Amino acid sequence: MQLLTTLVFIASGAAAVERWFDVCPESDAVIHAWARTTVRFDAPCKTVKGEVLARIAGKNGWVDPHNAGTYELTSSVGDVVAADHVTGDGKYTDKLQFMFENADGGDDCEVSGCSVSQVTSVIDRSTNYCNLYNLYCGGNVGCQVAQTDLTAIPLDKKTSLGAGKNKFKCRSGKKREL
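The structure displayed is predicted, hence computed values, not measured ones.

A.B. asks: Just give me the short version of the sheet that holds strand β3 (residues 80–86), but keep the residues and values in it.
C.D. replies: As a general point, the strands of a sheet are linked pairwise by backbone hydrogen bonds and lie either parallel or antiparallel. Here we have six strands laid out as an open sheet, ordered β2-β3-β4-β5-β1-β6, and antiparallel in their pairing. For this open sheet the edge positions go to β2 (70–77) and β6 (152–159), each flanked by a neighbour on one side alone. If you compare each strand with its neighbour and ignore which way they point, the axes differ by 20° on average. Across seven bridges, β3 lies against strand β4 (residues 93–102) in antiparallel orientation. Bridged to V81 within β4 is F98. The strands touched by helix α2 (residues 45–57) are β1 (34–41), β2, β3, β4 and β5 (109–117); relative to β4, the strand with the most contacts, the crossing angle is about 165°.

A.B. asks: Break down a nonpolar patch on the surface for me, with residues and values.
C.D. replies: Side chains of V30, I31, V122 and I123 sit close together on the surface and give an oily, nonpolar patch of about 430 Å² of accessible area. Counting through the fold element by element, I123 comes out in the loop between β5 and α3 (127–133). Given a relative accessible area of 62%, I123 falls into the exposed group.

A.B. asks: Can you explain unusual backbone geometry? Please cite residues and give values.
C.D. replies: Located in the positive-phi region is D104, a residue other than glycine, with phi close to 55°. When you line up the elements, D104 lands in the loop between β4 and β5. What makes D104 exposed here is its relative accessible area of 71%. A positive phi angle, close to 55°, is found at R125, a residue other than glycine.

A.B. asks: Give me the pairing of β5: which residues, what numbers.
C.D. replies: Of all nine residues that make up β5, nine are buried, and the element is covered over most of its length. One ladder, built from eight bridges, connects β1 with β5; its direction is antiparallel. Looking across to β5, one finds that T38 is bridged to S112. Where β4 meets β5, nine bridges bridge the pair, whose relative direction is antiparallel. Its bridge partner being in β5, E101 is matched across the sheet by E110. The turn joining β4 and β5, which pair antiparallel and follow one another in sequence, is formed by six residues; a positive phi near 55° is taken by D104.

Procedures and definitions
Residues numbered from 1 in each chain as written. Predicted model: local features only at pLDDT ≥ 70, side-chain atom pairs only at ≥ 80, totals over all residues. Heavy atoms only, no water. Pairing = 2+ DSSP bridges. Helix = DSSP H or I, 4+ residues; strand = E, 2+ residues; numbered from the N terminus. Axes fitted to C-alpha atoms, helices over the stretch in contact; angles between N-to-C directions. Contact = heavy atoms within 4.5 Å. Patch = residues over 30% accessible without salt bridge, like charges linked within 9 Å, V, L, I, M, F, W, Y side chains within 5 Å. Areas by Shrake-Rupley, 256 points an atom, 1.4 Å probe, with all protein chains shown as cover. Salt bridge = Lys/Arg side-chain N within 4 Å of Asp/Glu carboxyl O. Buried < 20%, exposed > 50% of the residue type's maximum accessible area, 1.4 Å probe, protein only.

Here it is in structure tokens:
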């Protein structure tokens, strides 16, 4: 029984690693910062994807609260959305991608996202994490909403060595723990 449990654990870990490789954009920089996150929503993926796309487009006055940067949609095909994020000063571009999947065969949506710096970097002061977080966080934690207020349930977040994952660096305003 213990062998079976170990094999299931290894298989589930391998599936998670495969998902990360599927969702992370590439970088020409050999050493670069990155952040990956997985969150769940009590909402259909169509609704969640619609909110992410609305924020990328800046609908209803939505602006990047991290550094007044801009997002540009580069692709939206099926369950995958890809975009570029340019910092407010125009110096840096990060590539990000989201994958939307129905969770456990129900109406909940599980979203895996990854943001990758495109220049040599190690310490990113949570920029890559914020590139993702700001596109899905809800009003319950003080985030501005473009069209649909969502509540994210965090499942996992990982960063490269030296990169941050502090959501309190992502915006100003009301700061409550999710």
